[in-house]
Amino acid sequence: MSTTTITKKPNNLIQVRVPADLKERTAKLFEKLGTNTSDVIRLMLMRADETKSIPFPIRSDAYPISANERIEEVKANFALEGMELTNQNIKDLQDIELARTTTEAVRQRILKEIKERHNK
């Protein structure tokens, strides 16, 4: 008879200072979502490790052009290459800019659509 021993790695503590009202609002939000602040932070760290990036858009007021101008720039670059963006492509760019979706989610949807077209 063999015995398997599972050793649990010790957890380290991370402390973050935030305004009390922010902590309270987000705690209530996370509770409504069925989780808590510690779990959300843990998930964010795991996602950052997995993607090797910050798992949400970081925006700076110092960026010289607006989201709409960035989308127009992408459209112009595609047009120079002879590739027109569809209305869905533009909606995807807008959703990414407004953090309503992620580039990975859009990529997965496009790959699924391509696979479905290929299988027809």
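Remember, it's a predicted structure, so these values are computed and weren't measured experimentally.

Quick notes on the rules
Residues numbered from 1 in each chain as written. Predicted model: local features only at pLDDT ≥ 70, side-chain atom pairs only at ≥ 80, totals over all residues. Heavy atoms only, no water. Helix = DSSP H or I, 4+ residues; strand = E, 2+ residues; numbered from the N terminus. Buried < 20%, exposed > 50% of the residue type's maximum accessible area, 1.4 Å probe, protein only. Expected span 1.5 Å × (residues − 1). Salt bridge = Lys/Arg side-chain N within 4 Å of Asp/Glu carboxyl O. Contact = heavy atoms within 4.5 Å. Axes fitted to C-alpha atoms, helices over the stretch in contact; angles between N-to-C directions. Left-handed = near helix turned anticlockwise from the far one by under 90°. Nonpolar A, V, L, I, M, F, W, Y, C, P; charged D, E, K, R; others polar. Parallel < 35°, antiparallel > 145°, perpendicular 65-115°, else oblique. Patch = residues over 30% accessible without salt bridge, like charges linked within 9 Å, V, L, I, M, F, W, Y side chains within 5 Å. Areas by Shrake-Rupley, 256 points an atom, 1.4 Å probe, with all protein chains shown as cover.

A.B. asks: Account for unusual backbone geometry, with residues named and values stated.
C.D. replies: Note: most peptide bonds trans; most residues except glycine with negative phi. Look at Lys52: it is not a glycine, yet its phi comes out positive at around 55°. With respect to the helices and strands, the residue Lys52 is situated in the loop between helix 2 (37-51) and helix 3 (67-80). Judged by its relative accessible area of 67%, Lys52 is exposed.

A.B. asks: Would you mind going over helix 3 in detail, with residue names and values included?
C.D. replies: Look at helix 3: 20 Å from first C-alpha to last across 14 residues, which is about the 20 Å you get at 1.5 Å a residue. Gly82 sits one or two positions beyond helix 3 and adopts a positive phi of about 80°.

A.B. asks: Report on the pattern of salt bridges, specifying residues and quantitative values.
C.D. replies: This model, assessed by the stated rule, comprises 10 salt bridges. The partner of Lys75 in a salt bridge is Glu72, with the nearest N and O atoms 3.1 Å apart. Placement of the pair is Lys75 and Glu72 together in helix 3, with a separation of three residues, close to one helical turn. Looking at Lys75, the relative accessible area reads 28%, which means it is partly exposed. Taking relative accessible area as the criterion, Glu72 reaches 45% and is therefore assigned partly exposed. A cluster of three or more residues bridged by salt bridges with shared partners is formed by Lys91, Asp95 and Arg100.

A.B. asks: Let's hear about the side chain of Asp92: which residues, and what values?
C.D. replies: Mapping Asp92 onto the fold places it in helix 4 (residues 87-97). Dropping the residues within four chain positions of it, Asp92 is found in contact with Thr101, Val106 and Arg109.

A.B. asks: So what about the environment of Val74? Which residues, and what values?
C.D. replies: As for its placement among the helices and strands, Val74 is situated in helix 3. Taking the C-alpha atoms as reference, Val74 lies 9.1 Å from Leu93; in sequence the two are 19 residues apart.

A.B. asks: Give me the lowdown on the packing of helix 3 against helix 4, citing residues and values where you can.
C.D. replies: Following both chains from N to C, one finds helix 3 and helix 4 inclined at 145°, their axes separated by 10 Å at the closest point. The interaxial crossing formed by helix 3 with helix 4 has right-handed handedness. Packed against helix 3, whose contacting residues are Ala67, Arg70, Ile71, Val74 and Lys75, the element helix 4 presents Ile90, Leu93, Gln94 and Glu97 at the interface. Grouping the constituent residues of the contact of helix 3 with helix 4 by class yields five nonpolar, one polar and three charged.

A.B. asks: I'd like to hear about the packing of helix 4 against helix 5 (residues 103-119), residue by residue, with values.
C.D. replies: At a minimum axis separation of 9 Å, helix 4 and helix 5 run at an interaxial angle of 155°. Relative to helix 5, the element helix 4 is oriented roughly antiparallel. Crossing of helix 4 over helix 5 shows right-handed handedness. Packed against helix 4, whose contacting residues are Gln88, Asp92 and Ile96, the element helix 5 presents Thr103, Val106 and Arg109 at the interface.

A.B. asks: Which residues make up a nonpolar patch on the surface, and what values do they have?
C.D. replies: Together, Ile14, Val16, Val18, Leu22, Ile41, Met44, Leu45, Ile54, Phe56 and Ile58 line one region of the surface with nonpolar side chains, adding up to about 880 Å² of accessible area. Tallying contributions element by element places helix 2 first for the nonpolar patch, with three residues. Mapped onto the secondary structure, Ile54 falls in the loop between helix 2 and helix 3.

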